[in-house]
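Below are the chains, spelled out letter by letter.
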Amino acid sequence: MSIPAETLGIRPAVRPDAVGGVTTLAPSDSAAAEQYRALQHRLERLAARRPMRVVAITSSARGEGRTTTALNLALTAAEDGREVALVECDLRKPCLAQRLDLAPRAGLAEVALGTAELSQALCRVGGLSVLCAGEVKDPGAVLRSPRLRAVIDALRQSCGLVILDAPPALAFADAERLASAADGAVLVVRAQETPREVVRLALDTLGDRAVGIVLNRVNAGALPHGKYLYADPTAA
């Protein structure tokens, strides 16, 4: 049974370097870094066929690498010279401020509810503009607020790429709402762990916003063509 979505990226089972509390790209010549660059370029190719300025990164369930993919894709695009905004939209279990070692401040929740301005909530991390979740008391109220789409549209106008770190697609209606505000949604799937039927259900939930799948934690040795995807660049 085939999955009706393009595979946009294959992320090898290697742990990116942790620098200053931030999960960052592995060395630039590593397999992980190269796969994030490949993912960025594939999204750019899609942008030639359809709008792709706001991209939601989601998964079927937690623990599949959704936030890591969103963060590293944003870093990759920023290193390529693009103006990138990373927005934490998982309001039920936010973690981005902790991962980036950021001090508490207003975030998406406050901006969407009208108690803070977008300019106050955005912060710079390297070349990225980052909008964390903020202090969330009622995730549903934030996601239902008409201001939420206005926030995303404002970022769309000011940035070349907006990446939404969206919650899992199947747990709540959150991801479906966010995907409708995005130009496209990428589903992160943990290789050889997430059941195919669950992947199909998540894709059905995302509907026509689903543009492809990123396979995460792939064991290169288990793939017949793995040595071609992840060859040692220093080898003769």
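Small disclaimer: the values here were computed from a predicted structure and weren't measured.

Caption draft 1: Highlighting the overall build of the protein chain. Helix and strand counts for the protein chain come out as 10 helices and 10 strands. Across the 236 residues that make up the protein chain, the buried fraction comes to 50%. Contacts in the protein chain between residues far apart in sequence, at least 24 positions, make up 78% of those at least 6 positions apart. Carbon and sulfur atoms make up 50% of the accessible area of the protein chain, which totals about 11,200 Å².

Caption draft 2: Up close: the nonpolar core. Counting residues in hydrophobic clusters, the biggest one holds 39 residues, and the most contacted among them are Val87, Leu108, Leu131, Leu155, Val162, Leu164 and Leu187. Residue contacts for valine 87: discarding those within four places in its chain leaves Leu108, Leu131, Leu155, Val162, Ile163, Leu164 and Asp165.

Caption draft 3: Inspection of the packing of helix α7 (residues 146–158) against helix α8 (residues 174–181) at higher detail. At a minimum axis separation of 10 Å, α7 and α8 run at an interaxial angle of 40 degrees. In terms of axis orientation, α7 runs oblique to α8. The crossing of α7 and α8 is right-handed. Of the residues in α8, those touching α7 at Leu148, Arg149, Ile152 and Arg156 are Leu178, Ser180 and Ala181.

Conventions and cut-offs
Residues numbered from 1 in each chain as written. Predicted model: local features only at pLDDT ≥ 70, side-chain atom pairs only at ≥ 80, totals over all residues. Heavy atoms only, no water. Helix = DSSP H or I, 4+ residues; strand = E, 2+ residues; numbered from the N terminus. Buried < 20%, exposed > 50% of the residue type's maximum accessible area, 1.4 Å probe, protein only. Contact = heavy atoms within 4.5 Å. Areas by Shrake-Rupley, 256 points an atom, 1.4 Å probe, with all protein chains shown as cover. Core = buried A, V, L, I, M, F, W, Y, C linked by side-chain atoms within 4.5 Å. Axes fitted to C-alpha atoms, helices over the stretch in contact; angles between N-to-C directions. Parallel < 35°, antiparallel > 145°, perpendicular 65-115°, else oblique. Left-handed = near helix turned anticlockwise from the far one by under 90°.

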